[in-house]
Protein chains: 2
Amino acid sequence: MIGVDWGTSSLRAYRLDAAGGIIGRTASAKGILTVADGAFAATLRAEIGAWLEDGETRVLLSGMIGSRQGWIEAPYLPCPAGAADIAGALIRVIFDGAEVLLVPGLTDTDEAGTPEVMRGEETQIVGVPGMADDALACLPGSHSKWARIVGGRIASFRTFFSGEAFAALRSATILGRMMTEGPTDLDAFDLGLARAGDPGHLLHHLFGVRTLGLFGRLDAGDSASYLSGLLVGHEVGAAMPEGARVHLIGAESLCGLYARAIAARGGTAVIEDSDAAARGLFRIGSTASWI
Amino acid sequence: MIGVDWGTSSLRAYRLDAAGGIIGRTASAKGILTVADGAFAATLRAEIGAWLEDGETRVLLSGMIGSRQGWIEAPYLPCPAGAADIAGALIRVIFDGAEVLLVPGLTDTDEAGTPEVMRGEETQIVGVPGMADDALACLPGSHSKWARIVGGRIASFRTFFSGEAFAALRSATILGRMMTEGPTDLDAFDLGLARAGDPGHLLHHLFGVRTLGLFGRLDAGDSASYLSGLLVGHEVGAAMPEGARVHLIGAESLCGLYARAIAARGGTAVIEDSDAAARGLFRIGSTASWI
């Protein structure tokens, strides 16, 4: 089968053998926001056409491709939901020459009744091998997800806007004017992490990014790393129960920073295989009764 | 005398009689960031030249004009500081035909030793008539200030980045894509205020702005007001001691929103005269021994 993790800004396709082994992979920047005039079928064919010609007939898609801005809007499946629930709720899309199915996203509500949504992360979560039936997973990113797994199903999850808040604060405020490009400076990141544990609200701590710069206590080259640590520290402080073991799923560099924040707050981080999406697509695909 | 409140994006000048009455006023968008090549003297003369020709000889400036980006960088005065302390620390700038003095900003450090700064707000605070010797003042804005007044002096203060965070989240994130221009919708603002009191961190609440829109529970036209209420609610929740009486100093519309947030959290808001800057400049100017 072919599995495709198709998000807002990128597309990753995997050719999978009968045991779930990855025997081919492609990646491109053809995220759904770059596809004009709803040309999703043509875009998909351009990416995986060779594998189809080579005999593949089943394609499973996950991610924002199932959103209102995607190919077809797949209704959200409510939590709790596991691989079997998801496999039973796939949505078919029209495509010439192969069966193409869409993984639905999940929804939940927080303590106060505000809705939660994810698209794509559910597939990564069910793709982590060896995660205990009861576990806590974190998928860092623009909209970080923290998911509680109970009895092997995703029981509930919470989203944090940290990644997109970081980008906006950096690009559109006075804080960003001091910042330079470059890799994360771990010392400055750690200072931001520690700051997140100080008394006072995030909205107060943000102004400190400016004053520390003004008083020469934070170099221009370090202030982006400090802001990153501050936001990640706030997120982990709010999302992680004391002493928790957290499975991190996502890009290696970002998972490394989150692991640092989790350890600083007394938790244990386990960085998972970055091919979790491929493994989840295989697991859902093998459970599904293809139409 | 002439008092000038000269900030980043605007300049407000007042002609004051011997009793502090405002007998003339001008306002322009000639904030310090619009003044090219350090032409502060020429800009000032263009604004208040007529009053100088009419016999005024003393000019007192407050605000960001005393910052590194302004005319001369006036060193910050540490808290606690009152009108007399400020009047004793004025900085002279060279200007042909009048004595021009600059009000220094104030500095403080928070519980964790992070620096705090203000420029201009100290003048507004000392300009509020009838405020008790021990009081709490809030100056809402891009960088909101909460100042504790003890024995008639500014004892300490804290800054919240709420206004600039709002602008950045609105202009540079997916949350802003749903938002429309228009006056604040008070019902949506109140929903955001209430949301700020829910369990969960601000970074989690921010994602709710998106999901409430996605699920049709928040109209596009209301989401900016909801976000504003959410941020103001978080700020007031963090900054205001329970049941406090808060003197609000600033633009009338913004003070009205903050008063709503303060009342919703059990505090009492007093909206002060919006000419506090003029009154503060007069108070400092009358205390000063002009060079």
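What you see is a predicted model, and the numbers here were worked out from it, not measured in a lab.

**Structural notes on the overall build of chain A**
And step 1. A tally of helices and strands in chain A yields 10 helices and 14 strands.
And step 2. In terms of overall dimensions, chain A is globule-like: its C-alpha atoms have a radius of gyration of 20 Å, near the 19 Å expected for 291 residues.
And step 3. The principal-axis extents of the C-alpha atoms in chain A amount to approximately 65 × 40 × 35 Å.
And step 4. A total of 291 residues make up chain A; the buried ones form 50% of that total.

**Considering the interface of chain A and chain B**
And step 1. Taken residue by residue, the interface counts 38 residues in chain A and 38 residues in chain B.
And step 2. For the side of chain A that touches chain B, the element with the most residues is helix H7 (residues 202-214) of chain A, which contributes nine residues.
And step 3. The residue inventory of the side of chain A that touches chain B, partitioned by class, reads 19 nonpolar, 12 polar and seven charged.

**A short note on the sheet that holds strand E10 (residues 135-139) of chain A**
Residues and elements named next belong to chain A.
And step 1. With mixed pairing, five strands are arranged side by side in an open sheet as E12-E11-E10-E13-E14. The open sheet has two edge strands with one neighbour each: strand E12 (153-160) and strand E14 (268-271). Across this sheet, the average inter-strand angle for adjacent strands is 25 degrees, counted without regard to direction.

**Quick look at the pairing of strand E7 (residues 99-102) of chain A**
Regular strands have side chains that alternate between both faces of the sheet.
All names here are of chain A.
And step 1. Pairing between strand E4 (residues 58-62) and E7: four bridges, direction parallel. If you follow Leu 61 over to E7, its bridge partner there is Leu 102.
And step 2. Of the pairings in the sheet, the one linking strand E6 (residues 91-93) to E7 comprises three bridges and is antiparallel in character. Within the sheet, the bridge partner assigned to Arg 92 lies in E7 and is Leu 101.
And step 3. Linkage of E6 to E7, two consecutive antiparallel strands, is achieved through a turn of five residues, within which Gly 97 is found at a positive phi near 100 degrees.

**Here we look at the relation of the copies chain A and chain B**
And step 1. Overlay of chain A on chain B (RMSD 0.0 Å): rotation 180 degrees, translation along the axis 0.0 Å. What we have between these two chains is a two-fold relation. No C-alpha of chain A approaches the rotation axis more nearly than that of A:Ala168, which lies at 2.8 Å.
And step 2. Looking at chain A, 100% of its interface residues are interface residues in chain B too, so the copies touch through the same face.

**A word on the domain arrangement of chain A**
And step 1. Taken as a whole, chain A is organised into domain 1 (2-129 + 276-287) and domain 2 (162-271).
And step 2. For domain 1 of chain A and domain 2 of chain A, the distance between their C-alpha centres works out to 31 Å.

**Considerations on helix H9 (residues 252-264) of chain B**
Residue and element names in this part refer to chain B.
And step 1. Here H9 is 13 residues long and its end C-alpha atoms lie 18 Å apart, about the 18 Å a rise of 1.5 Å per residue gives.
And step 2. Every buried residue belonging to H9 is among Cys 255, Leu 257, Tyr 258, Arg 260, Ala 261 and Ile 262, and all of these are buried.
And step 3. Buried residues along H9 sit against strand E10 (135-139), helix H6 (186-196), helix H8 (223-239), strand E13 (245-248) and strand E14 (268-271).

**Re the packing of helix H4 (residues 162-172) of chain B against H8(B)**
Residues and elements named next belong to chain B.
And step 1. Two elements in contact, H4 and H8, have axes separated by 10 Å at closest approach and are oriented at 150 degrees. In this view, H4 runs roughly antiparallel relative to H8, as classed from their interaxial angle. The handedness of the crossing between H4 and H8 is right-handed. Taking contact as the criterion, the partners of Ser 162, Ala 165, Phe 166, Leu 169 and Arg 170 in H4 are, on H8, Ala 224, Leu 227, Ser 228, Leu 231, Val 232 and Glu 235.

Definitions and cut-offs
Residues numbered from 1 in each chain as written. Chains lettered and ligands numbered in written order. Predicted model: local features only at pLDDT ≥ 70, side-chain atom pairs only at ≥ 80, totals over all residues. Helix = DSSP H or I, 4+ residues; strand = E, 2+ residues; numbered from the N terminus. Rg over C-alpha atoms; globule rule 2.2 N^0.38 Å. Buried ≥ 20, exposed ≤ 12 C-beta atoms within 10 Å, placed from the backbone. Contact = placed C-beta atoms within 7 Å. Nonpolar A, V, L, I, M, F, W, Y, C, P; charged D, E, K, R; others polar. Pairing = 2+ DSSP bridges. Axes fitted to C-alpha atoms, helices over the stretch in contact; angles between N-to-C directions. Least-squares fit on C-alpha atoms with pLDDT ≥ 70 in both. Domains from an automatic or database assignment. Expected span 1.5 Å × (residues − 1). Parallel < 35°, antiparallel > 145°, perpendicular 65-115°, else oblique. Left-handed = near helix turned anticlockwise from the far one by under 90°.

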